[in-house]
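Below are the chains, spelled out letter by letter.
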Amino acid sequence: MVVKGGFTLSTGIWILIVVIALLLGAVAGFFGARKYMENYLKDNPPISEDQIRAMMMQMGQKPSAKKLHQMMNAMRQQAKKQ
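Residues numbered from 1 in each chain as written. Predicted model: local features only at pLDDT ≥ 70, side-chain atom pairs only at ≥ 80, totals over all residues. Heavy atoms only, no water.

**So, the overall build of the protein chain**
- Within the protein chain, the secondary structure is distributed over three helices and zero strands.
- Element order for the protein chain, N to C, with α for helix and β for strand: α-α-α.
- Carbon and sulfur atoms make up 65% of the accessible area of the protein chain, which amounts to about 7100 Å² in all. (Helix = DSSP H or I, 4+ residues; strand = E, 2+ residues; numbered from the N terminus. Areas by Shrake-Rupley, 256 points an atom, 1.4 Å probe, with all protein chains shown as cover.)

**Side note on the packing of aromatic side chains**
- All chains considered together, the criterion is met by two aromatic pairs.
- Ring centres 5.1 Å apart and planes at 75° place the aromatic pair F30 and F31 in the edge-to-face group.
- The class of F31 is partly exposed, set by a relative accessible area of 46%.
- Judged by centre distance (6.4 Å) and plane angle (20°), the ring pair of Y36 and Y40 falls under stacked. Here the residue Y36 and the residue Y40 both occupy positions in helix α1 (residues 11-43), the gap between them amounting to four residues, near one helical turn.
- Residue Y40 is classed as partly exposed on the basis of its relative accessible area, which comes to 40%. (Phe/Tyr/Trp six-rings, centres within 6.5 Å; stacked < 30°, edge-to-face > 60°. Buried < 20%, exposed > 50% of the residue type's maximum accessible area, 1.4 Å probe, protein only.)

**Concerning the layout of surface pockets**
- In this structure, the largest pocket encloses a volume near 390 Å³.
- In terms of lining, the largest pocket is formed by 12 residues, of which the most central are L41, K42, R76, A79 and K80.
- Breaking the lining of the largest pocket down by element, the ones donating at least two residues are α1 and α3 (65-81).
- At five residues, the largest contribution of residues to the lining of the largest pocket is made by α3.
- A breakdown of the residues in the lining of the largest pocket according to their chemical character gives seven nonpolar, one polar and four charged. (1 Å grid on protein atoms, 1.4 Å probe; cavity = no way out; pocket = protein on both sides within 12 Å on 5 of 7 lines; lining within 4 Å. Points joined across faces, edges and corners; volume = space filled by probe spheres on them. Nonpolar A, V, L, I, M, F, W, Y, C, P; charged D, E, K, R; others polar.)

**Observations regarding the pattern of salt bridges**
- Scanning all chains against the criterion turns up two salt bridges.
- Of the charged contacts in the structure, one is a salt bridge between E38 and R34, with a shortest N-O distance of 3.6 Å. Taken together, the positions of E38 and R34, both in helix α1 and four residues apart, correspond to about one turn of that helix.
- We classify E38 as partly exposed; its relative accessible area is 41%.
- For the salt bridge of D50 with R53, the shortest nitrogen-to-oxygen distance reads 2.9 Å. Note that D50 and R53 are positioned in helix α2 (residues 49-58) at a spacing of three residues, about one turn of the helix.
- A relative accessible area of 56% means that D50 is categorised as exposed. (Salt bridge = Lys/Arg side-chain N within 4 Å of Asp/Glu carboxyl O.)

Written out as structure tokens, the structure reads:
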């Protein structure tokens, strides 16, 4: 293959460039997806106050708003530590 400058690149070099580009793309994609998921889970915890309320009622406890907020804050703090 002839490039504008007048020199040629062998097939092996093209394959090497493609492999390196694929590896760099995979690494960048992995870290980008990881950061996205961390932010998503921080903003949208996997358990909600309604789910905690239902769980407490199943255990025979009457959940107050204060207790629900305490449990949600404790779960957020635990998620930040991890």
